[in-house]
Amino acid sequence: MQAIRIVRGYLGGLSRAEAGQLKKRIKPYILFRGEVAAFQELHFSDICTEKCFAGKTSACCGREGIATFFADVVINLLLSSDDEVDALEQTLSNDRGGFKCVYLSETGCLWRLKPVVCEMFLCDFAKESVLGKNDVLRSQWEKLRRREKRYTWPDRPVLFDMLEEVFFRAGYDSPIMYFHHSPGLLRLKSRAQKTRLSFTPEE
Ligand code: SF4
Ligand code: SF4
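Residues numbered from 1 in each chain as written. Chains lettered and ligands numbered in written order. Predicted model: local features only at pLDDT ≥ 70, side-chain atom pairs only at ≥ 80, totals over all residues. Heavy atoms only, no water.

**Q** Please give an account of the overall build of the chain that cites residues and values.
**A** The helix and strand tally for the chain stands at ten helices and two strands. Across the chain, helices and strands are ordered from the amino to the carboxyl terminus as α-α-α-α-β-β-α-α-α-α-α-α. Computed over the C-alpha atoms, the radius of gyration of the chain is 19 Å, within 12% of the 17 Å expected from 2.2 N^0.38 for a compact globule of 203 residues. Taken over the C-alpha atoms alone, the chain extends approximately 60 × 45 × 30 Å along its principal axes. Looking at the chain as a whole, 35% of its 203 residues are labelled buried. A fraction of 75% describes how many contacts in the chain between residues 6 or more apart in sequence connect residues 24 or more apart. Counting only carbon and sulfur atoms, one obtains 54% of the accessible surface of the chain, whose full area is about 12700 Å². Once the 31 positive and 27 negative side-chain charges of the chain are each reduced to a mean point, those two points are 3 Å apart. (Helix = DSSP H or I, 4+ residues; strand = E, 2+ residues; numbered from the N terminus. Rg over C-alpha atoms; globule rule 2.2 N^0.38 Å. Buried < 20%, exposed > 50% of the residue type's maximum accessible area, 1.4 Å probe, protein only. Contact = heavy atoms within 4.5 Å. Areas by Shrake-Rupley, 256 points an atom, 1.4 Å probe, with all protein chains shown as cover. Lys, Arg positive; Asp, Glu negative; His and termini not counted. Charge placed at Lys NZ, Arg CZ, Asp CG, Glu CD.)

**Q** Can you tell me about the side chain of Ser-80, naming the residues and giving the values?
**A** Tracing the backbone shows Ser-80 in the loop between helix 3 (70-79) and helix 4 (82-93). Given the relative accessible area of 15%, Ser-80 is considered buried. One polar contact links the side chain of Ser-80 to the main-chain carbonyl oxygen of Asn-76, over a distance of 2.6 Å. Setting aside anything within four residues of it in sequence, one finds Ser-80 in contact with Val-85 and Arg-112. (Polar contact = N/O pair within 3.5 Å; in protein donor to acceptor, adjacent residues only side chain to side chain.)

**Q** How would you summarise the packing of helix 2 (residues 16-53) against helix 3 if you had to cite specific residues and measurements?
**A** Running from N to C, helix 2 and helix 3 point in directions that differ by 110 degrees, and their axes come no closer than 10 Å. Comparing their axes, helix 3 and helix 2 come out roughly perpendicular. Packed against helix 2, whose contacting residues are Ala-19, Leu-22, Lys-23, Ile-26, Tyr-29 and Ile-30, the element helix 3 presents Asp-72, Ile-75, Leu-78 and Leu-79 at the interface. Among the residues making up the contact of helix 2 with helix 3, the classes are represented as eight nonpolar, no polar and two charged. (Axes fitted to C-alpha atoms, helices over the stretch in contact; angles between N-to-C directions. Parallel < 35°, antiparallel > 145°, perpendicular 65-115°, else oblique. Nonpolar A, V, L, I, M, F, W, Y, C, P; charged D, E, K, R; others polar.)

**Q** An account of the site of ligand 2 is requested, with residue identities and associated values reported.
**A** By nearness alone, every residue bordering ligand 2 is listed as Cys-60, Cys-61, Ile-66, Cys-101, Tyr-103, Leu-104, Cys-109, Lys-114, Pro-115 and Cys-118. Its residues assigned to classes, the shell around ligand 2 shows nine nonpolar, no polar and one charged. (Near = heavy atom within 4 Å.)

**Q** Account for the site of ligand 1, with residues named and values stated.
**A** With respect to spatial proximity, nine residues lie near ligand 1, and among them Cys-48, Cys-52, Ala-59, Cys-60 and Cys-123 are the closest. The biggest single contributor to the shell around ligand 1 is helix 2, with four residues. Residues that form the shell around ligand 1 fall into these classes: seven nonpolar, one polar and one charged.

**Q** Before we move on, can you summarise the packing of helix 1 (residues 2-12) against helix 3 with the specific residues and values?
**A** The geometry of helix 1 relative to helix 3 is characterised by a closest axis approach of 10 Å and an angle of 50 degrees between their N-to-C directions. Taken as axis vectors, helix 1 and helix 3 run oblique relative to one another. Remark: the crossing between helix 1 and helix 3 carries right-handed chirality. Between helix 1 and helix 3, the residues in contact are Ala-3, Ile-4, Ile-6, Val-7, Arg-8 and Leu-11 and Phe-70, Val-73, Val-74, Leu-77 and Leu-78, respectively. Looking at the contact of helix 1 with helix 3 residue by residue, the classes come out as ten nonpolar, no polar and one charged. (Left-handed = near helix turned anticlockwise from the far one by under 90°.)

**Q** Explain the pattern of salt bridges to me, using residue names and the numbers behind them.
**A** Within this structure, the stated rule accounts for eleven salt bridges. Where Asp-82 meets Arg-8, a salt bridge forms, and the shortest distance between an N and an O atom there is 3.7 Å. With Asp-82 in helix 4 and Arg-8 in helix 1, this pair connects stretches of sequence that are 74 residues apart. Assessed through its relative accessible area of 56%, Asp-82 is described here as exposed. Assessed through its relative accessible area of 24%, Arg-8 is described here as partly exposed. Close ionic contact of Arg-156 with Asp-155 constitutes a salt bridge, the shortest N to O distance being 3.6 Å. Arg-156 sits in the partly exposed class, given a relative accessible area of 42%. (Salt bridge = Lys/Arg side-chain N within 4 Å of Asp/Glu carboxyl O.)

Structure below.
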């Protein structure tokens, strides 16, 4: 993926302090992701193991299902070692197609922190089995989904847009910079900006 090369090159040119600033910006998101992972582990690992992992039939990691934001790549590379990024690049260059996601290895996902869409995905079967009759769990899951939007849904300034902006301003471009190319997201950003401006108190 071209985005991995762009991000790797850019991050490799940053000073320790500059990289440290970016790592600081992503910290609340990383903590959030830890909470989602803990929730999934606690409530879904049994059912996912039984339904999918034991039979190696998981519908979670199909090639069609993966949607990656540019910021997912930035965050993952900020957290990854050189060896881990080498493994991603190697896998991509050896990709021969197929129905599984290119990043799915024998030992699981090759990303240090998988894309947010992957993390937040639950199939209908898992949702119905675990959340269907449990109002408390369902409300906890919905709360996590709302919190996810605070990082990814640009009806306000959000981390995922901000990270993309860093690279966009530095002259880089990628088809997965959705916050700068998707007409829907651009419309949403522009509406939100107008609303914020109209609420700015006069001096
Ligand atoms: S969420 Fe659904 S498809 Fe994915 S591993 Fe769990 S049971 Fe399987
Ligand atoms: S990136 Fe990882 S978690 Fe997401 S679909 Fe691919 S292997 Fe699965």
